[in-house]
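Structure at a glance
Each chain is listed here by its residues.
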Amino acid sequence: MIQTFTQHDVIRYVYQETTEEENLMIQDGLVHDSEMLEFYLDMLDVKAGLDKSFQQPSERSIDNILAYSRNYKENHQVLVV
């Protein structure tokens, strides 16, 4: 049986969201399908770029969000009937 994979499947593989069985089939697909391999390598580059650009919010931003949340909760109490 020939198994075909979508780009979504390859992305799931890049993010390690596939099962062991899927991993084996995708790896086999990467060996035999040059377009799939090229897409996979591109997605690895994209993931590396996203991981590198990830930044944490500043403490000030976190404090502002928490203060807003506390204020919202105090001013918008939900009535339970």
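The present account deals with the structure reproduced in this document. Predicted model only: the values in this text are computed from it and were never measured. (Residues numbered from 1 in each chain as written. Predicted model: local features only at pLDDT ≥ 70, side-chain atom pairs only at ≥ 80, totals over all residues. Heavy atoms only, no water.)

Helix and strand content of the protein: 4 helices and 0 strands. When the helices and strands of the protein are placed in sequence order, the string is α-α-α-α. A fraction of 45% describes how many contacts in the protein between residues 6 or more apart in sequence connect residues 24 or more apart. (Helix = DSSP H or I, 4+ residues; strand = E, 2+ residues; numbered from the N terminus. Contact = heavy atoms within 4.5 Å.)

One can find D9 in helix α1 (residues 7–14). A residue is classified by how much of its surface remains accessible, and D9, at 16% relative accessible area, is buried. Sequence spacing of D9 and E22 is 13 residues, and the spatial spacing of their C-alpha atoms is 8.8 Å. In this structure D9 touches T18 and I26, once residues within four positions along its chain are discounted. Here R12 takes part through its side chain, which lies 3.1 Å from a polar atom of the side chain of D9. (Buried < 20%, exposed > 50% of the residue type's maximum accessible area, 1.4 Å probe, protein only. Polar contact = N/O pair within 3.5 Å; in protein donor to acceptor, adjacent residues only side chain to side chain.)

With that settled, the discussion passes to the packing of α1 against helix α3 (residues 34–53). Helix-helix packing: each pair is described by the crossing angle between the helix axes and the interaxial distance. Put simply, α1 and α3 touch, their axes get as near as 10 Å, and they point 45° apart. In terms of their interaxial angle, α1 and α3 are classed as oblique. Note on packing geometry: the crossing formed by α1 with α3 is right-handed. Between α1 and α3, the residues in contact are Q7, V10, I11, Y13 and V14 and M36, F39, Y40, M43, L44 and K47, respectively. Taken together, the residues of the contact of α1 with α3 sort by class into 9 nonpolar, 1 polar and 1 charged. (Axes fitted to C-alpha atoms, helices over the stretch in contact; angles between N-to-C directions. Parallel < 35°, antiparallel > 145°, perpendicular 65-115°, else oblique. Left-handed = near helix turned anticlockwise from the far one by under 90°. Nonpolar A, V, L, I, M, F, W, Y, C, P; charged D, E, K, R; others polar.)

In terms of nonpolar packing, the biggest core is built from 9 residues, these being V10, Y13, V14, I26, L30, M36, F39, Y40 and M43. Broken down by secondary-structure element, the contributors of at least two residues to this core are α1, α2 (20–32) and α3. Take this core: its biggest share by element is 4 residues, from α3. (Core = buried A, V, L, I, M, F, W, Y, C linked by side-chain atoms within 4.5 Å.)

Let us now look at the pattern of salt bridges. In total, this model carries 3 salt bridges according to the counting rule given. One salt bridge connects D9 with R12, and the closest N-O pair in it is separated by 3.1 Å. Here D9 and its partner R12 are both found in helix α1, 3 residues apart, which amounts to about one turn of the helix. Residues D9 and R12 agree in their burial class; the two are buried. Between D51 and K47 there is a salt bridge; the shortest N-O distance is 2.9 Å. Here the residue D51 and the residue K47 both occupy positions in helix α3, the gap between them amounting to 4 residues, near one helical turn. Using a relative accessible area of 22% as the deciding quantity, one classes K47 as partly exposed. Bridged by salt links that share partners, the residues D9, R12 and E22 form one connected network. (Salt bridge = Lys/Arg side-chain N within 4 Å of Asp/Glu carboxyl O.)

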